[in-house]
Amino acid sequence: MTKTLKVRLYPDGDQKILLEKHFGSCRFVWNYFLEVRNKYYVEHKNDKKKGLSAFDTMKMLTALKREITWLNEINSQSLQHSLVELDKAFRSFFKHNTAYPTFKSKKDKQYFIIPSGFKARKNRLIIPKFPEGIRYRDKSAIPKDIKQIIITKKADRYYALIQYESSVQPKKGEGAVGIDMGIKHFLTTSDGIAIEPINAYRKYEKKLKRENRRLSRKKKGSENRKKQILKLEKIYQKIKDVRTDFNHKVSTAIAKHYGTVVIEDLNIQGMAQNHRIAKSVLDQGWHQFKKMLEYKLQWRSSELIKIGMFEPSSKMCSGCGNIKHDLKLSDRIYHCDVCGLTIDRDLNASINIRNIGLIKLGKGIPEFTPVEIPLAGYLNHEGISYVSLNQEPQILQG
Ligand SMILES: [Zn+2]
C-alpha cells in the first residue's frame, strides 16, 4: 500500500530561491499549456482530433525551453509532470464532467512533483537540481521504495511529502473497544480510559486576538502588514500542527492496541451548528482523528465499526439496558434507578457503543474489563494526558 511521510525541509537561502522558481515555473507551464490547449480546442472543435495530448504538449515544451531559457533551471521531469496533471484534468473534464481546468495563481497551493531521481543521504534529501541536498528534520527514517515526492510550502515552511510503497503488514491489535467522543474528554474508551482534549485553538486564542489587533493597525499594502499576515499564518499553522500531532498519537495508540474499534458516526457538521458547542467541536479535530483511525486500522487489517448516531448510547444503562429519558447534558455521572449502576457518563456511553457494535457484528457482549494498563502506559509515554476511570461499575445496594 502507498503511504505518505511528511518531512519538514530547511533549505538555505539559495535553495529557497530555486524552490520558489520550481513552484513558479511549474505553475507557468500549467497556465501556458492550458492556454495552448484552450486555443487548440476552440479551433479544432469539429475536427477528428479535438484536443492535444500530454505527449503533444511535452514536445511543445521542449521547443519552448529553447525560447524561454530560464525554464532550463528547473527539473524537467517536474515541468513535464505539470503537463501530465493538466492532461488528467482535461480527461477528467471530458469523461466525468468535472469542472473545466482553471488557471493557477500564486495564491493557490504551492507545490511541485518529483517523479524520480531522489535519494536521502545523512540528513539531506537529494533531488534533481539540488545536488547538495536539502537539509530535513532528521526524525523519521526516509523510506526506501519512494514512488514520488511532492514539495510544498505553507506559511513560509517547506515540506516534502514522500509517497512510498510499504509492504510491511503491521501487527493487528487485540480485543474490542467502544469509543465515545466528547467535549469534556476528547474520547473515552470502554475499558475505562479518558483522554483529555488538547484544545489547540483555545491555547492560542489570546495570542491570535492580540496579533489580529496589531494587524488592524497596519497600513494596507505596507510591508509591515505583509509581515504581520505571515505572523498570523504561522500561528494558525502551529495550531494545526499541534492538533494533527495529537490526533496522530491518539489514533496510533488506539489502532495498535485494538483489533476491533466501534465508534459513533457523529454528525460533526450538525453539531458545529450548535453555537454553544461549535468552537469546542471544531477545535477537537474529530473529523481528522476519525480519518486517521480509519486508515491506521486498515493497515493492520483491523475492524472499524461505525454505529448510527441515533442509537441510545448515552441514555441507556450499560448494566441492564434501561433507558434513562431524563438524563441531562450536565449529568456527569450516570445513575441507573433500575439496577443501581453508578458510572461515569462517558464510560457508560462507550460501553454501550462497543456493545451495539459487537451486536451488529453478531458477536457476544464481553464482561466489563477495567483499564488495560498497556494502552494507558502507551499514551502516557507519548505525553498525552489521560484520566483513568478505573473502577468497576459500582452497583449500589437498595
Ligand atoms: Zn441499569
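Before any of the text, the structure's been laid out above.
The rules behind each value
Residues numbered from 1 in each chain as written. Predicted model: local features only at pLDDT ≥ 70, side-chain atom pairs only at ≥ 80, totals over all residues. Heavy atoms only, no water. Helix = DSSP H or I, 4+ residues; strand = E, 2+ residues; numbered from the N terminus. Buried < 20%, exposed > 50% of the residue type's maximum accessible area, 1.4 Å probe, protein only. Contact = heavy atoms within 4.5 Å. 1 Å grid on protein atoms, 1.4 Å probe; cavity = no way out; pocket = protein on both sides within 12 Å on 5 of 7 lines; lining within 4 Å. Points joined across faces, edges and corners; volume = space filled by probe spheres on them. Nonpolar A, V, L, I, M, F, W, Y, C, P; charged D, E, K, R; others polar. Phe/Tyr/Trp six-rings, centres within 6.5 Å; stacked < 30°, edge-to-face > 60°. Axes fitted to C-alpha atoms, helices over the stretch in contact; angles between N-to-C directions. Parallel < 35°, antiparallel > 145°, perpendicular 65-115°, else oblique. Left-handed = near helix turned anticlockwise from the far one by under 90°. Pairing = 2+ DSSP bridges. Donors = N, O, S within 2.8 Å, 3.2 Å for Na, K, Ca; no water. Tetrahedral: all angles 85-135°; square planar, octahedral: opposite > 155°, others 65-115°. Salt bridge = Lys/Arg side-chain N within 4 Å of Asp/Glu carboxyl O. Core = buried A, V, L, I, M, F, W, Y, C linked by side-chain atoms within 4.5 Å.

**Student:** I'd like a rundown of the overall build of the protein chain, residues and numbers included.
**Tutor:** Counting its regular elements, the protein chain contains 10 helices and 16 strands. Classification of the 398 residues of the protein chain by burial places 43% in the buried group. Within the protein chain, contacts between residues at least 6 apart in sequence are counted, and of these 69% link residues at least 24 apart.

**Student:** Give a detailed account of empty space enclosed by the protein, specifying residues and quantitative values.
**Tutor:** To find leftover empty space, a probe the size of one water molecule is rolled over the atoms. Counted by the stated rule, this structure contains 1 cavity of 30 Å³ or more. Taken as a whole, the largest cavity holds about 150 Å³ of empty space. Around the largest cavity sit 16 residues that line it, and Phe23, Cys26, Arg27, Lys104 and Tyr111 are the ones nearest its centre. Grouping the constituent residues of the lining of the largest cavity by class yields 6 nonpolar, 5 polar and 5 charged.

**Student:** I'd like a description of the packing of aromatic side chains, backed by residues and values.
**Tutor:** For any two aromatic rings, the description comes down to two numbers: the centre-to-centre distance and the angle of the planes. Evaluation of the coordinates by the stated rule reveals 10 aromatic pairs. Seen in terms of ring centroids, Tyr295 and Trp299 are 5.2 Å apart; in terms of plane orientation they differ by 55°. Their pairing is tilted. With Tyr295 and Trp299 both in helix 8 (residues 286-299) and 4 residues apart, the pair spans about one turn of that helix. Judged by its relative accessible area of 31%, Tyr295 is partly exposed.

**Student:** Please give an account of the packing of helix 1 (residues 13-44) against helix 3 (residues 76-96) that cites residues and values.
**Tutor:** It is at 9 Å that the axes of helix 1 and helix 3 come closest, and there the two elements cross at 40°. By the angle between their axes, helix 1 is oblique relative to helix 3. Between helix 1 and helix 3 the crossing geometry is right-handed. Across the interface between the two elements, Ser25, Cys26, Val29, Trp30, Phe33, Leu34, Arg37, Asn38 and Tyr41 of helix 1 pack against Ser78, Leu79, Ser82, Leu83, Glu85, Leu86, Asp87, Ala89, Phe90 and Phe94 of helix 3. Residue composition of the contact of helix 1 with helix 3, by class: 12 nonpolar, 4 polar and 3 charged.

**Student:** Just give me the short version of the pairing of strand 14 (residues 341-344), but keep the residues and values in it.
**Tutor:** Regular strands have side chains that alternate between both faces of the sheet. Relative to strand 14, strand 13 (residues 333-335) runs antiparallel, the two sharing 3 bridges. Residue pairing across strands places Tyr334 opposite Ile343, the latter belonging to strand 14.

**Student:** Tell me what's going on with the coordination of the zinc ion, and back it up with residues and numbers.
**Tutor:** For the zinc ion, every protein donor is listed as Cys317 (SG), Cys320 (SG), Cys336 (SG) and Cys339 (SG), and the spread of their distances is 2.3 Å. Because the angles between the 4 donor atoms bound to the zinc ion fall within 107 to 112°, the donor set is best described as tetrahedral. Spacing between the donor residues of the zinc ion along the chain follows C-x2-C-x15-C-x2-C. Judged by its relative accessible area of 2%, Cys336 is buried. The class of Cys339 is partly exposed, set by a relative accessible area of 26%.

**Student:** Explain the side chain of Asn38 residue by residue, including any values.
**Tutor:** Structurally, the position occupied by Asn38 is in helix 1. Excluding residues within four positions of it along the chain, Asn38 makes contact with Phe90, Tyr100 and Phe103.

**Student:** Talk me through the pattern of salt bridges; I want residue IDs and the actual numbers.
**Tutor:** Evaluated as defined, the whole model comprises 13 salt bridges. For Lys21, the salt bridge is made with Glu73, and the minimal N-O distance between the two is 2.7 Å. Note that Lys21 is positioned in helix 1 and Glu73 in the loop between helix 2 (54-67) and helix 3, a separation of 52 residues in sequence. Overall, the relative accessible area of 35% leaves Lys21 in the partly exposed class.

**Student:** I'd love a proper account of the layout of surface pockets, names of residues and values included.
**Tutor:** Considered as a void within the structure, the largest pocket measures approximately 2,000 Å³ in volume. Taken together, 43 residues form the lining of the largest pocket, with Thr4, Leu5, Lys6, Thr244 and His248 sitting closest to its centre. Secondary structure elements with two or more residues in the lining of the largest pocket: strand 1 (2-10), strand 6 (146-154), strand 7 (157-165), helix 5 (223-257) and helix 8.

**Student:** How would you explain the sheet that holds strand 8 (residues 176-181) if you had to name every residue and give the values?
**Tutor:** Taking strand neighbours across the sheet as the criterion, the 6 strands line up as 12-11-8-9-10-15 in an open arrangement whose pairing is mixed. One side of each edge strand has no neighbouring strand; the edge strands of this open sheet are strand 12 (303-307) and strand 15 (386-388). Averaged over all neighbouring strand pairs, the angle between strand axes comes to 20°, with direction disregarded. The pairing of strand 10 (residues 193-195) with strand 15 spans 3 bridges and is classified as antiparallel. Directly across from Ile193, in strand 15, lies its bridge partner Ser388.

**Student:** Describe in detail the sheet that holds strand 7, supporting the description with residues and values.
**Tutor:** What the 7 strands build is an open sheet, ordered 2-6-7-1-5-4-3; its pairing is antiparallel. In this open sheet, the two edge strands, each paired with only one partner strand, are strand 2 (110-114) and strand 3 (119-121). This sheet shows a mean twist of 35° between the axes of neighbouring strands, independent of strand direction. The pairing of strand 1 with strand 7 spans 8 bridges and is antiparallel. Looking at strand 7, one finds that Leu5 is bridged to Ile162. Packing against the sheet, helix 5 makes contact with strand 6 and strand 7, and its axis sits at approximately 30° to strand 7.

**Student:** How would you sum up the nonpolar core? Please name residues and give values.
**Tutor:** In this structure, Leu9, Phe33, Leu61, Ile127, Ile149, Ile151 and Ile162 are the most contacted members of the largest nonpolar core, which totals 39 residues. A per-element tally of this core places helix 1 first, with 10 residues. Setting aside residues no more than four positions away along its own chain, Leu9 makes contact with Leu125, Ile134, Arg135, Tyr136, Ile151, Tyr158, Tyr159 and Ala160. Phe186, Val250, Tyr258 and Leu297 belong to the second largest nonpolar core, which has 19 residues in total.

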